[in-house]
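Fold and geometry: a report
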Amino acid sequence: MYQSTFAEPLNKDDKTIKLALVGPPGSGKTYSALTTFPNPILVDLDNNLPTELQDKGYNTIKLWDEDWRKAKFGAKGARVLSSLIEFMTKEGRFFTEEQTLIFDSVSAINDHLEADVESDTPRQPEGDRNFRYWKAHQMWLSMFLQAVRALSCNVVVICHEDELRDPNTNMIKARRIQLPGKKTSPRLPSFFNNVFRQVRIALPVKKQPIIPAPKTGAKESEQYNIAYLWLIKPYDNFDIARTTIVTDKKMVMATYKSFGLDKPE
């Protein structure tokens, strides 16, 4: 029997997480990713680190900062995506399963990709040049996602969310990943072993008196704790959820233990 020199067996022992984390702005995606997964390194294209995390000393690849990029990557630092590829080429393969690369966000990557492709292959209303624009766009995005999937470390790719509304009722018909093209968003989950939707909710806690109650005569006040949850099962408005977590629940707490693993020290 002929044995191909190119074919390699799938790595069934790979326990790393490849997660697309989807949600609307302000839902806590970056916060959840940084505080949940082991030894995070933030690949930051959005420059939108939550205020409460800015002094925590997280390792950050500051791709949003042009001066930083040029200092690190020289001439290639002029473009964000060239810097991103340079970083992944030089360092990506060295990260291990004890670490997590967090890409924030794929929507920002797409914005830079559109600008780069537009400058090289301008779009036209129709015709061959328009086809070549979208072909270049899709090829680069697929190449990036394949490189992400091949990394040996845990990976979280943060994705912003679009709401598709009924033009007559303004009701939300569906939620999808914020990417152009009818085929891009549905294909994106195929590059990941988990696709979760981030949910941020306020949970009421027991009413407590306002202090100092005797002096002010204040009554009891309603207090809330913020909880971060992952929607891990499909539902009518979000049909691309997928998970390796074995559970009947549609939502789980946004913690590493939700994967059935003990969080590393």
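A few words on the overall build of the protein. Across its full length, the protein carries seven helices and nine strands. Residues counted as buried form 42% of the 265 residues belonging to the protein. If you sum the accessible surface of the protein, you get close to 16,000 Å²; carbon and sulfur atoms cover 51% of it.

This part is about empty space enclosed by the protein. Per the counting criterion, the structure on display carries one cavity of 30 Å³ or more. Taken as a whole, the largest cavity holds about 50 Å³ of empty space. Lining the largest cavity, in full, are Q138, L141, S142, L145, T184, R187, L188 and F191. Residue assignment for the lining of the largest cavity shows that the elements contributing at least two residues are α5 (128-150) and α6 (184-187). Ranked by residues supplied to the lining of the largest cavity, first place goes to α5 with four residues. Tallied by class, the residues present in the lining of the largest cavity amount to four nonpolar, three polar and one charged.

Bringing the packing of helix α3 (residues 80-91) against helix α4 (residues 106-120) into the picture now. Between α3 and α4, whose axes approach to 9 Å, the crossing angle comes to 120°. Judged by the angle between their axes, α3 and α4 are oblique. Of the residues in α4, those in contact with V80, L81 and L84 of α3 are I109, H112, L113 and D116. Looking at the contact of α3 with α4 residue by residue, the classes come out as five nonpolar, one polar and one charged.

Moving on, we get to helix α1 (residues 29-36). The buried fraction of α1 is high, at six of eight residues. Considered for burial, the residues of α1 that qualify are K29, T30, S32, A33, L34 and T36.

Turning to the nonpolar core, a few remarks are in order. With 45 residues, the main nonpolar core has V43, L63, L84, L101, F103 and F144 as its most contacted residues. Among the elements that take part in this core, α5 stands out by supplying six residues, more than any other. Counting 21 residues, the second-largest nonpolar core is a separate cluster that includes I158, F196, A254 and F259.

Rules behind the numbers
Residues numbered from 1 in each chain as written. Predicted model: local features only at pLDDT ≥ 70, side-chain atom pairs only at ≥ 80, totals over all residues. Heavy atoms only, no water. Helix = DSSP H or I, 4+ residues; strand = E, 2+ residues; numbered from the N terminus. Buried < 20%, exposed > 50% of the residue type's maximum accessible area, 1.4 Å probe, protein only. Areas by Shrake-Rupley, 256 points an atom, 1.4 Å probe, with all protein chains shown as cover. 1 Å grid on protein atoms, 1.4 Å probe; cavity = no way out; pocket = protein on both sides within 12 Å on 5 of 7 lines; lining within 4 Å. Points joined across faces, edges and corners; volume = space filled by probe spheres on them. Nonpolar A, V, L, I, M, F, W, Y, C, P; charged D, E, K, R; others polar. Axes fitted to C-alpha atoms, helices over the stretch in contact; angles between N-to-C directions. Parallel < 35°, antiparallel > 145°, perpendicular 65-115°, else oblique. Contact = heavy atoms within 4.5 Å. Core = buried A, V, L, I, M, F, W, Y, C linked by side-chain atoms within 4.5 Å.

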